Amino acid sequence: MVNCSNEYPNTDVFYSEISGDYLSLVLLGLGSVLMLVSVGLFVEELIYLQQVYFQDEVKVRKVATILGVFPVTVITAFLAVVVPTSTFLVDLVQTCYLSVCFYTFVTLAIDYFGGDQGLLDHLGATKVRTALPPCCCCLCCILRPRILTRKSLLVFKLMSLQVAVLRPVLLFIAAVLWTDGKYKPGLDSASSTYIYITAVTSISLIFSMYGSGVIYRAVAPCLTNYRITAKFVSIKLLLIVSNIQTLVFSILAANDQPPCLGSRGPIARGSALNHFCLLIEASVLCLLARRGYRMDERELPPPDKLPGDADNDEDAVNSDKAWFDNIAAIPDSAI
């Protein structure tokens, strides 16, 4: 391999270069310990779920799916560090799994109320804040507090769901292009397919975060005893750091940072640093998620019902209709 190449080195080249670097060896050892701890905690959580919720297989499956995203992220990040050529493949696996988990959380939060209708009955005529980041920056005049109805709830659920469908499809396309040499991570060219696929997936991520954020704001006051904040923040932070952090290191690599070291260029070194940081972050978030999910919710009272601030259900229907009419009235030139 040519010195200072942006190609990922194979294991023979990689380990021959770090064999005398004690700091790198210590960091790899630390990564191994964190990976084993994360997997061990996940196994213990699975045993706990089976013991507590053995009669509710659906809940066990959903909670296990969400908790599994943290050891999966740790393992894939560790593999990307120790086997650099596997970076794209493990990123594909981690991203697809995380996208599915994000929607799973939304369905789990609604299940606490017994489904969509149960959530709507609990909320009653209470208005839900819809002006949330990042969409509130550009649609603040439309996204006013409104009463959540079946139609609007479906829209927000679809916003959360689309990332679980669209991102895996886009990443599969990227994998096909990668095998043909047409897809290379990095911001080295304006015509690079990496930029366009990253842009579409980022937009998809924004809509998903917005839809799930509205639902979270709606259910959070009713689920304070269920530690819903710790559950939501843990997976949302993982979604943010795994995307924003990757973008930051891509920008740094485009500006030749970090500098070359042996056969590893800025892209290869930046990828290793990115995945090692992600490994540590996912390990910490694993503990936060553990606090949120490892509890016997059978002993908790049902979700609190909020007092409404409207007179009847007709106001909810009119509010819903006005909200969609405002969106439809936006001229095409403003989009």
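Let us look at the structure shown here. Here the structure is a predicted model, which is why all the values come from computation and not from measurement.

1. Here we look at the overall build of the protein
Each helix and strand counted, the protein has 11 helices and 2 strands in total. The secondary structure elements of the protein, listed N-terminal to C-terminal, are α-α-α-α-α-α-β-β-α-α-α-α-α. Of all intrachain contacts in the protein linking residues separated by at least 6 positions in sequence, the fraction that spans at least 24 positions is 79%. Summed over all atoms, the accessible surface of the protein reaches about 16,500 Å², with 65% contributed by carbon and sulfur.

2. Describing the nonpolar core
Residues L148, L238 and Y293 are the most contacted members of the largest nonpolar core, which totals 68 residues. Core analysis: the next-biggest nonpolar cluster, separate from the first, contains 10 residues, L92, C96, A174 and Y194 among them.

3. Description of the pattern of salt bridges
Tallied over the entire structure, the rule returns 10 salt bridges. Salt-bridge contacts for K59 lead to E297; the nearest nitrogen and oxygen are separated by 2.3 Å. Of the two residues, K59 sits in helix α3 (residues 57-67) while E297 sits in the loop between α10 (266-293) and α11 (313-328), which places them 238 residues apart along the sequence. With respect to class, K59 is no different from E297; both count as buried. In this structure, the salt-bridge partner of K62 is D111, at a minimum N-O distance of 2.4 Å. Within this pair, whereas K62 is found in helix α3, its partner D111 is found in helix α5 (residues 87-111), the two being separated by 49 residues in sequence. The structure contains a network of salt bridges with shared partners spanning E44, E45, R290 and R294.

4. Structural notes on the packing of helix α2 (residues 22-52) against α10
Viewed as axis vectors pointing N to C, α2 and α10 meet at an angle of 25°, and their least axial separation amounts to 10 Å. By the criterion of interaxial angle, the relationship of α2 to α10 is roughly parallel. Seen along the crossing, α2 lies across α10 with a hand that is left-handed. Mapping the contact onto sequence places L27, L30, G31, L34, S38, L41, E44 and E45 in α2 and F276, L279, I280, S283, C286, L287 and R290 in α10. When the residues that make up the contact of α2 with α10 are grouped by side-chain class, the tally is 9 nonpolar, 3 polar and 3 charged.

5. Structural notes on the environment of I18
When you line up the elements, I18 lands in helix α1 (residues 11-18). I18 sits 244 residues away from G262 along the chain, and the two C-alpha atoms are 9.6 Å apart. Setting aside anything within four residues of it in sequence, one finds I18 in contact with S24, L25, L28 and R264.

6. Points about the packing of aromatic side chains
With the rule as written, the count across this model stands at 8 aromatic pairs. Judged by centre distance (6.1 Å) and plane angle (70°), the ring pair of F156 and Y210 falls under edge-to-face. Remark: Y210 occurs in helix α8 (residues 193-219) and F156 occurs in helix α7 (residues 150-179); sequence separation between them is 54 residues. A residue is classified by how much of its surface remains accessible, and F156, at 1% relative accessible area, is buried.

7. A few points about the packing of α3 against helix α4 (residues 69-82)
Taken N-terminus to C-terminus, the directions of α3 and α4 make an angle of 30°; their axes are 4 Å apart at the nearest point. Judged on the interaxial angle alone, α4 and α3 are roughly parallel. Residue-level contacts link T65, I66 and L67 of α3 to V69, F70 and P71 of α4. Considering only residue class, the contact of α3 with α4 consists of 5 nonpolar, 1 polar and no charged.

8. A closer look at the environment of Y53
Inspection of the secondary structure puts Y53 in the loop between α2 and α3. In sequence terms Y53 and D296 are 243 residues apart; their C-alpha atoms lie 8.4 Å from each other. In this view, Y53 contacts K59, V60, M295, D296, E297 and R298; residues no more than four positions away in its chain are not counted. A polar contact is formed between the side chain of Y53 and the backbone nitrogen of E297, at a distance of 2.9 Å.

9. Observations regarding α7
Taking 1.5 Å of rise per residue, 30 residues should cover 44 Å, and α7 covers 44 Å from first to last C-alpha, within 8% of that figure. Among the residues trailing α7, G181 stands out with phi positive, at a value near 80°.

10. Thoughts on the environment of R264
Position of R264 relative to the elements: it lies in the loop between α9 (228-254) and α10. Along the chain, R264 and E17 lie 247 residues apart, while their C-alpha atoms are 9.5 Å from each other. In this structure R264 touches S5, P9, F14, E17, I18 and R269, once residues within four positions along its chain are discounted. A polar contact of 3.1 Å, which involves the side chain of R264, links it to the side chain of E17.

11. What to know about a nonpolar patch on the surface
A contiguous nonpolar surface patch, about 350 Å² in accessible area, is contributed by V39, V43, I47, I75 and L79. Among the elements of the structure, α2 and α4 are those that each provide at least two residues to the nonpolar patch. With 3 residues, the single largest contributor to the nonpolar patch is α2. Mapped onto the elements, I75 comes out in helix α4. Residue I75 is classed as partly exposed on the basis of its relative accessible area, which comes to 31%.

Rules of the game
- Counting restarts for each chain: residues are numbered from 1 in the order of the written sequence.
- Totals for whole chains, interfaces and linings use every residue, but because this is a predicted model, local features are given only for residues with pLDDT of at least 70 and side-chain atom pairs only at 80 or more, for both listing and counting.
- As a rule here, side-chain values come from all non-hydrogen atoms in the structure, and water together with hydrogens is ignored.
- Every helix listed is a DSSP run of H or I at least four residues long, and every strand listed is a run of E at least two residues long, numbered separately from the N terminus.
- Contact between two residues is taken to exist if any of their heavy atoms lie within 4.5 Å; hydrogens are not considered.
- For accessible areas, the Shrake-Rupley method is used with a probe of radius 1.4 Å. Any residue's cover is judged against the shown protein chains and nothing else.
- Here the nonpolar core consists of buried residues drawn from Ala, Val, Leu, Ile, Met, Phe, Trp, Tyr and Cys, with membership extended through side-chain atoms lying within 4.5 Å.
- Three labels apply to residues, based on accessible area from a 1.4 Å probe with only protein chains included: buried if under 20% of the type maximum, exposed if over 50%, partly exposed otherwise in between.
- The rule for a salt bridge is simple: a side-chain nitrogen of Lys or Arg has to be within 4 Å of a carboxyl oxygen of Asp or Glu.
- Under this scheme, a helix contributes an axis fitted over its contacting stretch, all axes are lines through C-alpha atoms, and angles between N-to-C directions fall in the 0 to 180 degree range.
- Here the angle decides the label: under 35 degrees means roughly parallel, over 145 means roughly antiparallel, 65 to 115 means roughly perpendicular, and every other value means oblique.
- Two helices that cross are described as forming a left-handed crossing if the nearer one is turned anticlockwise from the farther one by less than a right angle, and a right-handed crossing if clockwise.
- Here the term charged refers only to Asp, Glu, Lys and Arg, the term nonpolar to Ala, Val, Leu, Ile, Met, Phe, Trp, Tyr, Cys and Pro, and the term polar to all other amino acids, Gly among them.
- Each Phe, Tyr or Trp ring (for Trp, its six-membered ring) is paired with any other whose centre lies within 6.5 Å, and the angle between the two planes then decides the class: stacked below 30 degrees, edge-to-face above 60, tilted in between.
- Two N or O atoms form a polar contact when they lie within 3.5 Å of each other; inside protein one atom must be a possible hydrogen donor and the other a possible acceptor, and for residues adjacent in sequence the pair counts only when both atoms belong to side chains.
- By this rule the span expected of a helix is its residue count minus one, scaled by 1.5 Å.
- Residues enter patches when their relative accessible area tops 30% and they take part in no salt bridge; the joining distance is 9 Å for like charges and 5 Å for the nonpolar side chains Val, Leu, Ile, Met, Phe, Trp and Tyr.

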